[in-house]
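Fold and geometry: a report
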Amino acid sequence: MPAWAGFQPGPWVDNIDVRDFLQKNYRPYAGDSSFLSGPSDKTSRLWNKCQELLRAEYRKGGVLDVDARNPITITSHPPAYIDRELETIVGLQTDQPLKRAINVFGGLNTSIKACQAYGYEPDTQMIDFFRKYRPTHNDGVFAVYTPEMKMARRVGIITGLPDSYGRGRIIGDYRRVSLYGVDRLKAGKKSDLILMDKKMEPSSIQLREEVFCQIEALQKMKEMAEGYGFNISRPADNALEAVQWLYFAYLAAVKEQNGAAMSLGRIANFLDIYIERDIAQGLMGEIEAQELIDQLVIKLRLVRHLRSPEYNELFAGDPNWITESLGGMGTDGRHLVTRTSYRILNSLYNLGPAPEPNMTVLWSENLPDNFKYFCSDLSINTSTLQYENDDVMRRYYGDDYAIACCVSAMKLGQETQFFGARCNLAKLLLYAINGGRDEMTGEQVGVEIPVYEGSILEYDEVMSRLKIQLEWLCELYVNIMNVIHYMHDKYAYEASQFALHDSTIHHYMAFGIAGLSVAADSLSAIKYAQVKPLQDERGIITDFSIEGDFPKFGNDEPRVDRIAAALVEDFINHLKKHPTYKNAEHTLSILTITSNVMYGKHTGTTPDGRQSGQPLAPGANPLHGREEHGALAALNSVAQLDYRHARDGISFTFSTVPSALGVNREEQVSNLTGLLSGYFMQNAHHMNVNVLNLETLKEAMDHPEKYPDLTIRISGYAVHFIKLTREQQEEVIMRTFFKRM
């Protein structure tokens, strides 16, 4: 086949097997960044136009325009451009850049609220049609939810469920469209249908219908691309087509769904094969290669979904988590860094810092030193990178996996995830003390047992009570997740993304916890200090008197670190007792995004001394200001959380002032690289890196116009700081910015 001329053949020729293609054809690069190019003239002029649009969007309160009449689908909107003469890579979600469209299949009422929040009224005929004839995902969910489920959601013991927005965390293997073309993929799906079990049981009936929908989605993807004048039925012939084909596949996904985490996958080493072949043949130079990547990144930065203001309380800054995974090691011992790994990161220099794509470095001790130093330098310059431990994850997922959202790993094209936000572990501890009554509302929510009666909280008694409430919550949590994902498959199925998977795949069911450090510190206080519970006029314990000191998570203190690790292990073990939809494998994350602020509002005073309404710590971080022994001690504590029990990810956000890393840039880069190595050598999982002075953030709060591109990592993803609410900005500033290691 001409498109594959010069490629080393293998099983990938006869079977859909992108990994084999990669292994046979990619070339590791261990050199430095000196080959990189700045932006092309076309890219610079195009990006200037985009920045004007982005500034206009910000001035309008975050939403530039809305198409409130046409529910978005793969083919709902005609081809559109920013500036056709300047665009190397084309394709927009709607008929204008940054215009958002309604995605009704997830939830009609949510779509109506989102439109009205920004001054738009959706089409009445469309509303009538959906109300009369077409149930949505939310209709199904809330028809099935029990009163107990609704109450748990309302009081904030379980929050952030994808019952009012797209579930996301599904990574289509977008590379397949470039390598094989749509017609080959459709033929493979049709063959799968023929070979499927003929026994018509519920699971096989559902699978057959889903594969049929996938075939239809591939056809629509092809029609969308034809509107732009491209024939993606065939494999890509060159690097430009490889990038364009891949982007069309991704564009179909973000047209079809408004998922909370629309990850890109792991595309750098795949695209590098095409780019390096074209360079070797004299078809392009480095400027043209960088232009392809920069223009792809521009398109990714313009992805927009229409969401209600309440969504921003959970996920601040309007993120999409277009996560691209870079680096890592192959199972054959070769590293997976290529020149295009550098090119994608270089877009942060050529276009300026930005949250999207969500750049994720898969860290291994065996990565080339040049790449490690380049990444560390980039972190210091931009605060845009997150790092995840490839040496830990590769044991479970092989070498062709990617990160969804922030910290969730899965094999590309072979695995996917059903996710469901998180529950509030700190609040659950208060339920244990208060016999299942909510400390804020006074309602009976958890298992009804007497309010704690002793004058001093006894550790063993509190732990016995916590187990009762934990068993209740985990069963409820699994049942809620089963409802959500059953209904999502029924009413808002992501056909285009699943079309880029194998027809039979492995599912994960991803649960999450918030407030881990608060719960651990509270239990530590109960065990090692003297905590007296104080009841209010309702007979509910709403305050505590603490006498004596106690070890706090984040100080490399084994007594409390063990409590935190045991809480995580207990939680996942209780979850595993309950069967999941599609027999999905239970996983757990310690991840809050920015909902740690909202969770804090729903959580009363805790036995560690944290006051009612104050934010919880983000992810697996120690509570703000409690790290008393410097950065290394905090890292050592977080590293004690075992990835085996939290395979959906352990999010840790590390923030430091530049001077803490060294007196000059060379020393800072060396020290940050060493810090990352030392942390990950302990089998720690994840680290966001911010290198900033607090004064910069404070000035940006008062003068946002001066800092349009100021980017900061907040909890598994990055955000433009000025897009956070004032309350969220203040919470970021409350966090510990280490001034010493």
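Residues numbered from 1 in each chain as written. Predicted model: local features only at pLDDT ≥ 70, side-chain atom pairs only at ≥ 80, totals over all residues. Heavy atoms only, no water.

Focus on the sheet that holds strand 5 (residues 358–363)
Convention followed: Two strands pair if DSSP finds at least two bridges between them. Only DSSP runs of H or I covering at least 4 residues are called helices, and only runs of E covering at least 2 are called strands; the numbering of each starts at the N terminus. Axis lines are fitted through C-alpha atoms, for helices just across the contact stretch, and the angle between N-to-C directions can take any value from 0 to 180 degrees.
One open sheet accounts for five strands, arranged 4-5-6-17-16; its pairing is mixed. Since the sheet does not close on itself, it has two edges, and those belong to strand 4 (323–327) and strand 16 (653–656), each with one partner. Neighbour-to-neighbour, the strand axes of this sheet turn through a mean angle of 30°, independent of strand direction. As judged from the four bridges shared by strand 5 and strand 6 (residues 386–389), these two strands associate in the parallel manner. Bridge pairing in strand 6 links tryptophan 363 to asparagine 389.

Examining the side chain of glutamine 497
Rules: The definition of a polar contact used here is a pair of N or O atoms within 3.5 Å, where within protein one atom must be able to donate a hydrogen and the other to accept one, and adjacent residues in sequence count solely through side-chain atom pairs. By definition, residues are in contact when any of their heavy atoms lie within 4.5 Å.
Note that glutamine 497 resides in helix 19 (residues 495–498). Engagement of the side chain of glutamine 497 in a polar contact is seen with the backbone oxygen of isoleucine 170, the distance being 2.8 Å. When near neighbours in sequence (up to four residues on either side) are disregarded, glutamine 497 contacts Ile170, Gly172, Tyr174, Ala253, Glu256, Gln257 and Met262.

Here's the deal with the nonpolar core
This is how it is decided: We call a set of buried Ala, Val, Leu, Ile, Met, Phe, Trp, Tyr and Cys residues a nonpolar core when their side-chain atoms join them within 4.5 Å. Categorising residues by exposure relies on relative accessible area from a 1.4 Å probe, with only protein chains included: less than 20% of the type maximum marks a residue as buried, more than 50% marks it as exposed, and the intermediate range marks it as partly exposed. Domain ranges listed in this record stem from an automatic or a database domain assignment.
By size, the foremost hydrophobic cluster in this structure holds 186 residues, and its most contacted members are Phe571 and Met687. For this core, the leading source of residues is helix 18 (residues 459–491), giving 16 residues. Residues from two domains meet in this core; each of domain 1 (21–59 + 263–302 + 321–407 + 655–741) and domain 2 (135–164 + 417–650) gives at least three. The residues contacting methionine 687, other than those within four sequence positions of it, are Gln386, Tyr387, Leu635, Phe652, Phe654, Leu675, Leu676, Tyr679 and Phe680.

Some words on the pairing of strand 17 (residues 686–691)
Here strand 17 lies mainly inside the structure; six of its six residues are buried. Neither face of strand 17 is open: one carries His686, Asn688 and Asn690, the other Met687, Val689 and Val691, and all of them are buried. Note that strand 6 and strand 17 share three bridges and pair antiparallel. Bridged to tyrosine 387 within strand 17 is methionine 687.

As for the packing of helix 18 against helix 21 (residues 558–575)
Test applied: Throughout, the term roughly parallel applies to angles under 35 degrees, roughly antiparallel to angles over 145, roughly perpendicular to angles from 65 to 115, and oblique to all others. Here a crossing is taken to be left-handed if its near helix is turned anticlockwise relative to the far helix by less than a right angle, and right-handed if that turn runs clockwise. Here the nonpolar group is Ala, Val, Leu, Ile, Met, Phe, Trp, Tyr, Cys and Pro; Asp, Glu, Lys and Arg are the charged ones; every other residue, Gly included, is treated as polar.
One can describe the packing of helix 18 onto helix 21 by two numbers: an axis separation of 9 Å at closest approach and a directional angle of 40°. Classified by the angle between their axes, helix 18 and helix 21 sit oblique to one another. Our pair here, helix 18 against helix 21, has a crossing hand that is right-handed. Here Tyr459, Leu466, Lys467, Leu470, Glu471, Leu473, Cys474, Tyr477 and Val478 of helix 18 lie close against helix 21, whose contacting residues are Ile563, Leu567, Asp570, Phe571, His574 and Leu575. Within the contact of helix 18 with helix 21, the residues separate by chemical class into eleven nonpolar, one polar and three charged.

Focus on the domain arrangement of the protein
By a widely used convention, the size of an interface equals the accessible area lost when the partners come together. The condition is simple: Values labelled buried area give the accessible surface lost by two parts on being combined, using a 1.4 Å probe and summing over both. Just to be clear on terms, a salt bridge is a Lys or Arg side-chain nitrogen sitting within 4 Å of an Asp or Glu carboxyl oxygen.
Taken domain by domain, the protein holds domain 1 (21–59 + 263–302 + 321–407 + 655–741) and domain 2 (135–164 + 417–650). The centre of domain 1, based on its C-alpha atoms, is set 30 Å off from the matching centre of domain 2. Taken together, the contact pairs 26 residues of domain 1 with 32 residues of domain 2. Roughly 2600 Å² is buried in total at the junction of domain 1 and domain 2, and carbon and sulfur atoms are behind 62% of that figure. There are one salt bridge connecting domain 1 and domain 2. The salt bridge involving lysine 601 is made with glutamate 727; its shortest N-O contact spans 2.9 Å. Linking domain 1 to domain 2 there are seven residue pairs in polar contact (both at pLDDT 80 or more). For the side of domain 1 that touches domain 2, the secondary structure elements donating two or more residues are helix 16 (390–397), helix 25 (665–680), strand 17 and helix 27 (726–734). Looking at the side of domain 1 that touches domain 2 residue by residue, the classes come out as 17 nonpolar, five polar and four charged.

Section: unusual backbone geometry
The step from glutamate 356 to proline 357 runs through a cis peptide bond, and the omega angle for that step is -10°. Residues other than glycine seldom take positive phi values, yet leucine 98 does so here, at roughly 70°. Within the secondary structure, leucine 98 sits in the loop between strand 1 (65–67) and strand 2 (99–101). Judged by relative accessible area, which is 4%, leucine 98 ranks as buried. For serine 383, which is not glycine, the phi torsion reads 50° and is therefore positive.

What about the environment of arginine 184?
For arginine 184, the location among the structural elements is in helix 8 (residues 182–195). For the pair arginine 184 and alanine 239, spaced 55 residues apart in sequence, the C-alpha to C-alpha distance is 19 Å. Not counting the four nearest positions on each side in its chain, arginine 184 is found in contact with Trp4, Val13, Asp14, Asn15, Ile16 and Ser233. Looking at arginine 184, its side chain comes within polar contact range of the main-chain oxygen of valine 13, at 3.2 Å.

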